[in-house]
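# Descriptive analysis of the structure
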Amino acid sequence: MIWDVLTNNLLLAWERLAFWRNPPPALPNMRLSPKGGDENPLLLQFFTWECSHPQMSWWKHFESEVPNLAALGVTQVWLPPPNKAMKKQGQGYDAYDLWDLGEFYQKGTIATRWGTKEELLSAIAVANAHGIDVLVDAVLNHKLGADRPEKFMAVPVDPENRLKDIGPAREIEGWTAFDFLGRGDKYSSLKWTHEHFTGRLDWDHRTRTKGVYRIAGPKQRGWSPWVDTELGNYDYLLGIDIDHRHPEVRKDLMAWGSWVLQTTGAAGFRLDAIKHMDRRFLLSFIKHVREILGRNDLFSVAEYWSSNIDLIKPYIRVFEGLVTFFDVPLHYNFHDASKAGSSYDLRKILDRTILKYRPGDAVTFVDNHDTQIGQTLESWVGSNFKLQAYALILLYGEGHPCVFYGDLYPNQECYDENVAQDLRRLMDARKKYAYGPRTKYFQEMNCIGFVRRGDGTERRGCAVLISNADSPSKQEGVDAGQAPVHTIRMDMGLSNAGARYRSLFQSQGGIIEVGADGWASFTCPFGALQVWVKDDAES
């Protein structure tokens, strides 16, 4: 035990020294589209938290939508976890058996919430045929839904400081044994017991008492030191926490990583809850899968949930340019802007974000299944700023944008028909116009703009203005019929001199002509979004 502590301390010191410098950016070396080329890639999250389809399985629904997604310029789709959950309608984040993709009768069902293994493979094959890669949501942090309880020694710890013991080790009874009787030994023969976990939360089955327990015993090594330091040590999140230092666990999960991509035809990973996992294991996991599959361009995006860019920076360094990161700080800027309205200074919208710090590592998004109203990470971006936010991630030209199913497709949780209609226009604009050098004009508190000058082909660029000013109906003494507008003079380049631009969103926008010097004055209604494209460009 003393040797383990000393070794871990030395390795932590080495990590801080070795990874002080930033690695190369991840995105330029990753596959963002099966086609490659210089067209704008686009990621789409194809689910909400409670999503379902009334006539078909979710995998069948996805397969039926593939042609439409391809037409909108989508090149990657992030699907929900494909593994068997602890209950029939579990989303998969309540991971029971990673090796069961809807093939075996376990937990009262063969299919997962999303469908059968055959339906999943069929959907991914159709996606690949239409030039769309699929990402597997890898839930590697914990397990839930054990088949039977076990008795073992455990130490109760302070839930607010997991490094502080609040009592001596004692025997408890917990649901930690996974036998996978429905699958048997197919694909994997590992049967999980308490020895494969570090801790569990909430329940001692013997005494019927709640608490956070660190599993103790001669083979247990305690919490991993290679995790986030929130709550002292954030190794434990929920369920039964996996010990990624256990050799049998490492072997099983490493094998699953390459197997699930080879079996399904998927092309990469979304890594769930990485702040709670041993980061040395995760780095080894990614390297192993890349090596086994011969895929040095393997795409992986990690969920490190924090609005504080300073907490994310060390993780970017540690992962050696092999993993991208969801830009959670940017999401919270969008959320704050939607809440604050015209009091939010748009000139600061990109401050302290991954997009500004390391655009080559940023997967940008507006909302996802966790930020929906009523979810644990609720931070929904309101409709008053939703399209402005999407314009920034889709047309700005840096980072890798991700569109949320809930904003695009009708659903019972978070759908806004007006947002969805214009979001499709923005996705189309990204596909057709958002190319070439960018110049930004972040000069006014309530209206910012930027231009993309085109790349010299039929992809002729665009001009974008974003406003959060109060609309006429909110201003005293202003006739709504006057429709006040912002005006920003922007440089489209001499190559666009004399070109005529029309609005994608406002029919009253008219036509704006670029002067002989390449400059033009573009307008945007208060509290709205305006995207200008060449008038002779195809609608």
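Above this note sits the structure.
### Quick word on the packing of aromatic side chains
Each aromatic ring pair is summarised here by two numbers: the centre-to-centre distance and the angle between the ring planes. Applying the stated criterion to the full structure yields 36 aromatic pairs. Pairing tryptophan 59 with tryptophan 114 gives two aromatic rings, centres 6.4 Å apart and planes at 45°, and the pair type is tilted. Placement of tryptophan 59 in helix H2 (residues 58-71) and of tryptophan 114 in the loop between strand S4 (95-97) and helix H3 (117-129) is noted, with a sequence separation of 55 residues between them. In this structure tryptophan 59 comes out as buried when scored by relative accessible area, which is 0%. The class of tryptophan 114 is buried, set by a relative accessible area of 1%. Relative to phenylalanine 365, the ring of tryptophan 305 has its centre 6.1 Å away and its plane inclined at 50°; by these criteria the two rings are tilted.

### Observations concerning the sheet that holds strand S18 (residues 438-441)
With antiparallel pairing, six strands are arranged side by side in an open sheet as S18-S19-S20-S25-S22-S23. In this open sheet, the two strands that pair with only one neighbour each are S18 and strand S23 (511-513). Neighbour-to-neighbour, the strand axes of this sheet turn through a mean angle of 20°, independent of strand direction. The sheet strands contacting helix H9 (residues 383-395) are strand S19 (447-452), strand S20 (462-467) and strand S25 (529-534), and the helix crosses S20 at an angle near 145°.

### Things to note about the environment of glutamate 118
If you trace the backbone, glutamate 118 turns up in helix H3. With 16 residues separating them in the primary sequence, glutamate 118 and glycine 102 have C-alpha atoms 8.0 Å apart.

### A few points about unusual backbone geometry
If you check the backbone angles, lysine 107 has positive phi at about 55° while not being a glycine. Tracing the backbone through its elements, the reader meets lysine 107 in the loop between S4 and H3. Look at tyrosine 187: it is not a glycine, yet its phi comes out positive at around 75°. The class for tyrosine 187 is partly exposed, based on a relative accessible area of 31%.

### Focus: the packing of helix H7 (residues 328-340) against H9
Closest axis-to-axis distance for the H7/H9 pair is 9 Å, and the angle between their directions is 150°. Judged by the angle between their axes, H7 and H9 are roughly antiparallel. Here the hand of the crossing between H7 and H9 comes out right-handed. Of the residues in H9, those touching H7 at Leu330, Phe334, Ala337 and Ser338 are Asn384, Phe385, Ala389, Leu392 and Ile393.

Conventions adopted
The numbers attached to residues start from 1 for each chain and follow its sequence in the written order. The predicted nature of this model means local features are confined to residues of pLDDT at least 70 and side-chain atom pairs, given and counted, to a pLDDT of 80 or more, with totals for whole chains, interfaces and linings taken over all residues. No hydrogens and no water enter the side-chain calculation; it runs on all heavy atoms of the structure. The rule is short: rings of Phe, Tyr and Trp, with Trp giving its six-membered ring, pair when the centres are within 6.5 Å, and they are stacked under 30 degrees, edge-to-face over 60, tilted in between. Helical segments are the DSSP runs of H or I of at least four residues, strand segments are the runs of E of at least two, and each set is numbered from the N terminus. Partly exposed residues are those whose accessible area sits between 20% and 50% of the maximum for their type, while under 20% is buried and over 50% is exposed, using a 1.4 Å probe and protein chains only. A pair of strands is labelled paired if DSSP reports no fewer than 2 bridges between them. To define axes, lines are fitted to C-alpha atoms, for helices over the stretch in contact only, and angles between the resulting N-to-C directions are given on a 0 to 180 degree scale. Contacts between residues were defined by any pair of non-hydrogen atoms, one from each residue, lying within 4.5 Å. Here the angle decides the label: under 35 degrees means roughly parallel, over 145 means roughly antiparallel, 65 to 115 means roughly perpendicular, and every other value means oblique. Helix crossings fall into two classes, left-handed where the near helix is turned counterclockwise from the far one by less than a right angle and right-handed where it is turned clockwise.

Treat this as a map of the structure, not an account of what it does.
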